[in-house]
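Chain by chain, the residues run as shown.
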Protein chains: 2
Amino acid sequence: MQSEVNRREFIRNSAIAGIGMAVLPSALSATGMKTKVRLGLIAVGRRGQVHVAELLNRTDVEIVAMADPDTQMMAKTRALISAAGKKLPAEYAKGNDDYRNLLKRDDVDAVLISSPWELHFEHCVESMRAGKPVGLEVGGGLTLQECRDYVQAYEQTRVPVMILENACYRRDLMAITNMVRKGLFGELLHLQGGYQHDMRARKFNNGTVPDTPGIEFGPGTPSTPGWRTQHSVNRNGDLYPTHSLGPLAVMLDINRGNRITALSSVATKSRGLHRYIMNNIPAGQKHRNADVQFKLGDIVTTTLQTANGETIVLTHDTSSPRPYNLGFRVQGTAGLWQESGGGEFADGLLYLEGASPAKKWESPSPHLQANDHSLWKVFGRQAESAGHGGMDFFILHAFIECIKQGKDFPLDVYDLATWHAITPLSETSIAQGGQLQLVPDFTNGAWQRRKPVFGLNSEY
Amino acid sequence: MQSEVNRREFIRNSAIAGIGMAVLPSALSATGMKTKVRLGLIAVGRRGQVHVAELLNRTDVEIVAMADPDTQMMAKTRALISAAGKKLPAEYAKGNDDYRNLLKRDDVDAVLISSPWELHFEHCVESMRAGKPVGLEVGGGLTLQECRDYVQAYEQTRVPVMILENACYRRDLMAITNMVRKGLFGELLHLQGGYQHDMRARKFNNGTVPDTPGIEFGPGTPSTPGWRTQHSVNRNGDLYPTHSLGPLAVMLDINRGNRITALSSVATKSRGLHRYIMNNIPAGQKHRNADVQFKLGDIVTTTLQTANGETIVLTHDTSSPRPYNLGFRVQGTAGLWQESGGGEFADGLLYLEGASPAKKWESPSPHLQANDHSLWKVFGRQAESAGHGGMDFFILHAFIECIKQGKDFPLDVYDLATWHAITPLSETSIAQGGQLQLVPDFTNGAWQRRKPVFGLNSEY
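Keep in mind it's a predicted model, so treat the numbers as computed, not measured.

Side chains on a regular strand alternate between the two faces of the sheet. All names here are of chain B. The buried fraction of strand β2 (residues 61-67) amounts to six of the seven residues, a majority that puts the element mostly inside the structure. With six bridges joining them, strand β1 (residues 37-42) and β2 adopt parallel strand pairing. Bridge pairing links Ile42 to Ala67 in β2. Remark: the β1/helix α2 (residues 46-55)/β2 crossover connection has right-handed handedness. Two strands pair when backbone bridges link them, and β2 and strand β3 (residues 90-92) are joined in this way by three bridges, in the parallel orientation. Across the sheet, Met66 pairs through a bridge with Glu91, a residue of β3. In this fold, β2 hands off to helix α3 (residues 71-83), which returns the chain to β3; that crossover is right-handed.

If you want it as structure tokens, here you go:
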């Protein structure tokens, strides 16, 4: 991880002269129409391979190169591509910096980054500096300065980045977004969401083989436990805010007529990960991980305020036994939706004044059916085979289509900066006992004139 | 409403010497066993009459006196008592101060106060000064000083007060409390609750007749809209925290091994009450209430932290169309319960690690049945006819039984002060843009040695 100062230096030194950049179009609109996108992949681990599987279904994408220092993961990805009968990409596996050689290739139109959180910033900004539009996997930011530097890198290079928040395309959430836009909930007031996902079995493995039961983590451990778990040791905050915040930010027109102004966070005591280790140490044995002190509170609650007077409550709940559920609630002056399932239309409860029986909950299902988004009507069948219930199809589809058509990404660097900022700000708030933190306006006032763009057509 | 200074003066002037009071028992334990409690009622409006109806079922209570300046409400109560064939109580209806004459009666063992929120403090402390143990209806505090003064009045007089939070006795919540105490949720981490009750039709009437449709409120308007609605004009905070906080405080042993240390609150914009007025003005007419600016945000979210490392999120949501639901969530290291109904065992979702099918929600019903509280087993049938699904039976039963048996109330002045303090502190937090507020320790350290007392037996 680079230090703050180095990171800023890096941006300053490699900056293209940025005068008047704020009114220039992004690099995409200058590229003209393409029929095929030649992609470079940075990191092809667990998440990267899900993207590869999806990309292999597409006739408008060619994977020309991939970079990952993990040769096991590289071999798995190669096998995936080979099995699909596609041309094998060039490989960059010589250590952590070999991705820079991938970025030098003229035949890479854009890059898809699925690396560990702590590498997102470097990989993303280096790609932008190399003139490669970026699709960046989600995560929380590491520092507030990093969030500012993403924006600066974009404003200096005009090379766009799309934050690949697939939950924005969840079918029920897109139908709810439709309903919000039609005014069926009246004026929005209060929204909730959370990353409520028991990640305990994903934060540990047996130390040598991915996706095995175990209590090992840390450097040298393969796959997710090799990097992700250390964040739970070092940090206390909402480490993964975007699956819940992303769709809610779309509904609230954040950075496009609205903005997040302030937050505060609190955390419970930390019990779940230690308890998991203790419960899984073989009887009679000792284990060094029994002594690890996890800093991450089991449940982190973050309360956001917006310029337009709405409030949002986000929950981060990844260390406790529970069914998966993102806990969405969307409430306006005319009704509300709240869910407790995994994205099915029938999950949860809905109430619309006038339409619902007086003061009785209804199943959301008929309302969501009636407001199904046109993207899902057009691409639903195609999406069904994709990862995460179809969401992965749509997020990659939007990324690829925008590059092909020379259109601005529907989720951009300002969304990335704002959503990422929740994490370091929540850490600061918790470290200060729950003190209020102001959320910077990364658009520098442009939120007042920027218009909503997400999900406005049936193409992407 | 008295000013702060006057209130403090009042307490100082009427104080009994308080040296060493902290170790003295409360007045109740000195009274010995009674077979009958002679009650004085202060305020017999909408809520007071529900209590009267319940008290008339009891053979161990005699209503000897009642005070209310509202002669309409007094007449209704008289009719209720008369219809039950009970002896009519003495009446004190000569203005707002006539209740003081009720307090002078030697034949009043205790008083039950069901007055408007803004009179709770005066009515309660005057009763304590007169040596009458108090059952005080719920509400939020008006000022933080008032909360301190309740405690001071108790510590000086040793006359106890019970906060009549009926939700503590809701059948599902008592079963959950049992489950918490048995450790079925593991160590508690995060709790949620809220007053989520569309009160719009209760905040207005036609200006002359209680419980009629209309858009009138304020002085001169009968019943609840005559006093309660003005709080929504003047104040922005969680005005009514105890229905949700009370049961959660019991589960968390607040003031009995734990305490609330800090809170912060945010509010949405205020839309619902104005919208309700506008939607109900007869077509083509104008109405002065169209110009009223309501200060109360439609949805107020308050986040609490405890000394033992749990967090609580409270919601106040009374101005929007929605089904009634207190939105409880009780989560520990071994599982969670969350509900979205009105208190039925089958409402909501439950997950217990090990007991539930892996990562699948269950109906709470079998678990709540298996952990039904012994009080409900003994008195459930008797309670069923009482108000609010039986809760009103239990809260009055506990109040009366403690007086009869000379036992400490299970909810006391420290609970009253702590729960009431949430309201003024949330107002201050919101006024400061969401800034953190420290919650005073009203027990002055005694929370560390005080033991849980609520619901520990099957008598009360």
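Text resumes after the structure shown.
Quick look at the interface of chain A and chain B now. Counting residues at the interface gives 50 residues for chain A and 50 residues for chain B. A combined buried area of about 4,200 Å² lies between chain A and chain B, and 51% of that area is made up of carbon and sulfur atoms. Between chain A and chain B we count 12 salt bridges in total. A:Arg329 is the partner of B:Asp317 in a salt bridge, and the nearest nitrogen-oxygen pair spans 3.2 Å. The interface formed by chain A and chain B holds 27 residue pairs in polar contact (both at pLDDT 80 or more) in total. Looking at the side of chain A that touches chain B, the elements with two or more residues in it are β7 (188-196), β8 (260-267), β9 (299-306), β10 (311-317), β11 (329-332), β12 (335-338) and β13 (349-352) of chain A.

UniProt feature "domain: Glycosyl hydrolase 109 C-terminal" (unreviewed entry): in the numbering of this structure it lies at residues 174-363 of chain A. For the annotated span residues 174-363 of chain A, helix accounts for 20% and strand for 23% of the residues, and the straight-line distance between the end C-alpha atoms is 17 Å.

Relative to chain B, chain A is turned by 180° and slid 0.0 Å along the rotation axis, the superposed coordinates differing by an RMSD of 0.0 Å. In symmetry terms, the pair is related by a two-fold rotation axis. Most of the interface of chain A is mirrored in chain B, where 100% of its interface residues are also at the interface.

A word on the sheet that holds β10(A). Residues and elements named next belong to chain A. With respect to topology, eight strands assemble into an open sheet ordered β13-β12-β11-β7-β10-β9-β8-β14, the strand pairing being mixed. The outermost strands of the open sheet, each flanked by one partner alone, are β13 and β14 (437-438). Alignment of β12 against β13, held across four bridges, turns out to be antiparallel. The residue of β13 that forms the bridge with Trp337 is Leu350. Contacts from helix α10 (residues 242-251) reach β7, β8, β9, β10 and β11, with the element oriented near 160° to β7.

Residues and elements named next belong to chain A. Viewed as axis vectors pointing N to C, helix α2 (residues 46-55) and helix α3 (residues 71-83) meet at an angle of 10°, and their least axial separation amounts to 10 Å. Here α2 lies roughly parallel to α3, going by the angle between them. Of the residues in α3, those in contact with Arg46, Gln49 and Val52 of α2 are Met73, Lys76, Thr77, Leu80 and Ile81.

All names here are of chain A. One can read the domain layout of chain A as domain 1 (4-166) and domain 2 (168-374 + 413-448). One C-alpha centre belongs to domain 1, the other to domain 2, and the line joining them spans 25 Å. For the pair domain 1 and domain 2, the summed buried surface comes to about 2,700 Å²; carbon and sulfur atoms form 65% of the total. The three residues of domain 1 that bury the most area against domain 2 are Arg46, Trp117 and Glu165, which together make up 26% of that side's buried surface. Applying the counting rule to domain 1 against domain 2 returns one salt bridge. On inspection of domain 1 and its partner domain 2, the count reaches 12 residue pairs in polar contact (both at pLDDT 80 or more). For the side of domain 1 that touches domain 2, the secondary structure elements donating two or more residues are α3, α5 (117-129), α6 (144-157) and β6 (161-163). Looking at the side of domain 1 that touches domain 2, the element that brings in the most residues is α6, giving seven residues. Taken together, the residues of the side of domain 1 that touches domain 2 break down into 14 nonpolar, six polar and five charged.

Basis of the calculations
Residues numbered from 1 in each chain as written. Chains lettered and ligands numbered in written order. Predicted model: local features only at pLDDT ≥ 70, side-chain atom pairs only at ≥ 80, totals over all residues. Heavy atoms only, no water. Buried < 20%, exposed > 50% of the residue type's maximum accessible area, 1.4 Å probe, protein only. Helix = DSSP H or I, 4+ residues; strand = E, 2+ residues; numbered from the N terminus. Pairing = 2+ DSSP bridges. Right-handed = clockwise from strand over helix to strand, strands pointing away. Contact = heavy atoms within 4.5 Å. Buried area = accessible area lost by both parts, 1.4 Å probe. Salt bridge = Lys/Arg side-chain N within 4 Å of Asp/Glu carboxyl O. Polar contact = N/O pair within 3.5 Å; in protein donor to acceptor, adjacent residues only side chain to side chain. UniProt positions renumbered as here; feature names shortened; annotations may be inferred. Least-squares fit on C-alpha atoms with pLDDT ≥ 70 in both. Axes fitted to C-alpha atoms, helices over the stretch in contact; angles between N-to-C directions. Parallel < 35°, antiparallel > 145°, perpendicular 65-115°, else oblique. Domains from an automatic or database assignment. Nonpolar A, V, L, I, M, F, W, Y, C, P; charged D, E, K, R; others polar.

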